[in-house]
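Topology and contacts: notes
Residues per chain are reported as follows:
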Amino acid sequence: MAQQINLLTPILLAPRRYFSALTMLQATGLLLVAGLAAALWLQQRDRSAEAQHQQLMAQYAAERQQLMVARASLPAPLDAATVQQQLLPLEMGNAERRALLQTLGADGGGKAGQRNSDLLALIARSLPESAWLSELRYAPGRVELIGGTLDTAVLRPWLAQLAAHPLLAGQELSALRVERLGAPGTEASNNPLLSRSGPLASATVPVWAFRVVSAPALPASAATGGLR
């Protein structure tokens, strides 16, 4: 009787090994290479961080040294009493300026005709044509006028008109000095009025310089007259 022999029976083949020694050796080598690369990267990063830390510490030390020098150069703290004494003159000056501003009425305060600006406007409007001013000094309760004129007769009515202003109540205007420019005994070339009058000093028409200030009115018995 004939028999059949099958030589390709799977059980007779060599078994396949998926994790051979070579494969495990190759995998181990790859892991070692990857670990070495990671260690080198971490070491480089640590060195960079250490260098930045040292740089920051050096900058901090320099800034601290600068701060100590700056603190050493600061002046000693002042005593509160000394500071108060230094502030007192400043406060007094501010109070005086504030009172002056309120008196002057810079915002147009006060009754019409009783403001300081009204007095200055009256001086400008009422100045005679034959007279002029080279200097005007004004403070509440005091006015000083320096100028010149071609006719001294116009001074008395003009001063009377100014004296009637409410801000000059209780004051009187008196010409402390009236002199003829260019007259013998006077130094016309040094008189500040000539800078305004110019050729008038050498003209044939007489030119008179005057200076008027306000002063408290004197009793009638003691009055000496306005112009001289």
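Whatever comes next refers back to the structure up there.
Residue positions within a chain follow its written sequence, with the count starting from 1. Thresholds applied to this predicted model are a pLDDT of at least 70 for local features of residues and 80 or more for the giving and counting of side-chain atom pairs; totals over whole chains, interfaces and linings are not thresholded and use all residues. Hydrogens and water are ignored here; the side-chain numbers use all heavy atoms of the structure.

Overview of the overall build of the chain
- What counts as a helix is a DSSP run of H or I of at least four residues, what counts as a strand is a run of E of at least two, and both are numbered from the N terminus. Each helix and strand in the chain was counted, giving 5 helices and 4 strands.
- Walking the chain from its N terminus toward its C terminus, one meets helices and strands in the order α-α-α-β-β-α-β-α-β.
- Working definition: with a 1.4 Å probe on protein chains only, accessible area under 20% of the residue-type maximum means buried, over 50% means exposed, and in between means partly exposed. Relative to its 228 residues, the chain shows a buried fraction of 18%.
- Sequence separation of at least 24 residues holds for 68% of the intrachain contacts in the chain that already meet a minimum separation of 6.
- Note on areas: these come from Shrake-Rupley sampling with a 1.4 Å probe, and a residue is covered only by the protein chains present in the view. A total of about 17,600 Å² of accessible surface is found on the chain, and carbon and sulfur atoms cover 60% of it. The contact criterion used throughout is that any non-hydrogen atoms of two residues lie within 4.5 Å.

Concerning the packing of aromatic side chains
- The pairing test for Phe, Tyr and Trp rings, Trp by its six-membered ring, is centres within 6.5 Å, and the orientation test on the planes gives stacked under 30 degrees, edge-to-face over 60, and tilted for anything in between. Considering all chains together, one arrives at 1 aromatic pair under this definition.
- Measuring from ring centre to ring centre gives 6.3 Å for W158 and F210, while their planes differ by 80°; the resulting arrangement is edge-to-face. With W158 in helix α4 (residues 155-163) and F210 in strand β4 (residues 208-216), this pair connects stretches of sequence that are 52 residues apart.
- Under the relative-accessibility criterion, W158 is labelled buried at 2%.
- For F210, a relative accessible area of 2% corresponds to the buried category.

What to know about the pattern of salt bridges
- Throughout this description, the term salt bridge denotes a Lys or Arg side-chain nitrogen within 4 Å of a carboxyl oxygen of Asp or Glu. Counted by the stated rule, this structure contains 3 salt bridges.
- With its nearest N and O atoms 2.4 Å apart, the salt bridge here joins E135 to R137.
- When its relative accessible area of 30% is taken as the criterion, E135 is described as partly exposed.
- Between R211 and E144 there is a salt bridge, with its nearest N and O atoms 2.9 Å apart. Here R211, found in strand β4, pairs with E144, found in strand β2 (residues 142-149); they are 67 residues apart in sequence, far enough to count as distant.
- The class of R211 is partly exposed, set by a relative accessible area of 25%.
- Note on E144: relative accessible area 3%, which makes it buried.
- Salt bridges sharing common partners tie together E135, R137, E144 and R211.

Here we look at α4
- Of all the residues in α4, the buried ones are L155, W158, L159 and L162. Down the axis of α4, the sector holding all buried residues measures 95°, keeping them to one side. Think of the arc as the fan of directions from the helix axis to the C-beta atoms.

Side note on the nonpolar core
- Residues belong to one nonpolar core when they are buried, are Ala, Val, Leu, Ile, Met, Phe, Trp, Tyr or Cys, and are joined through side-chain atoms within 4.5 Å. Within the largest apolar cluster, 14 residues are counted, with the highest numbers of intra-cluster contacts made by I123, L145, W158, L162 and L173.
- Secondary-structure elements contributing two or more residues to this core are α3 (116-126), β2, α4 and β4.

Structural notes on the pairing of β2
- With 7 of 8 residues buried, β2 lies mostly within the body of the structure.
- In this analysis, strands are considered paired if DSSP registers two or more bridges between them. As judged from the 8 bridges shared by strand β1 (residues 131-139) and β2, these two strands associate in the antiparallel manner. Across the sheet, the residue bridging to W132 is G148, located in β2.

Observations regarding the side chain of S126
- With respect to the helices and strands, S126 occurs in helix α3.
- Residue S126 is classed as buried on the basis of its relative accessible area, which comes to 15%.
- Among the polar contacts made by the side chain of S126, one reaches the main-chain carbonyl oxygen of L122 at a distance of 2.6 Å.
- At a separation of 3.0 Å, a polar atom in the side chain of S126 contacts the side chain of W158.
- Discounting residues that sit within four places of it in the chain, S126 has contacts with W158, Q161 and L162. Whenever a nitrogen or oxygen atom comes within 3.5 Å of another N or O atom, the pair is scored as a polar contact, on the condition that within protein one atom can donate a hydrogen and the other can accept it, and that pairs from neighbouring residues in sequence are kept only if both atoms are in side chains.

Considerations on the environment of R177
- By the element assignment, R177 lies in strand β3 (residues 171-180).
- Its relative accessible area of 47% is what places R177 among the partly exposed residues.
- For the pair R177 and F210, spaced 33 residues apart in sequence, the C-alpha to C-alpha distance is 5.5 Å.

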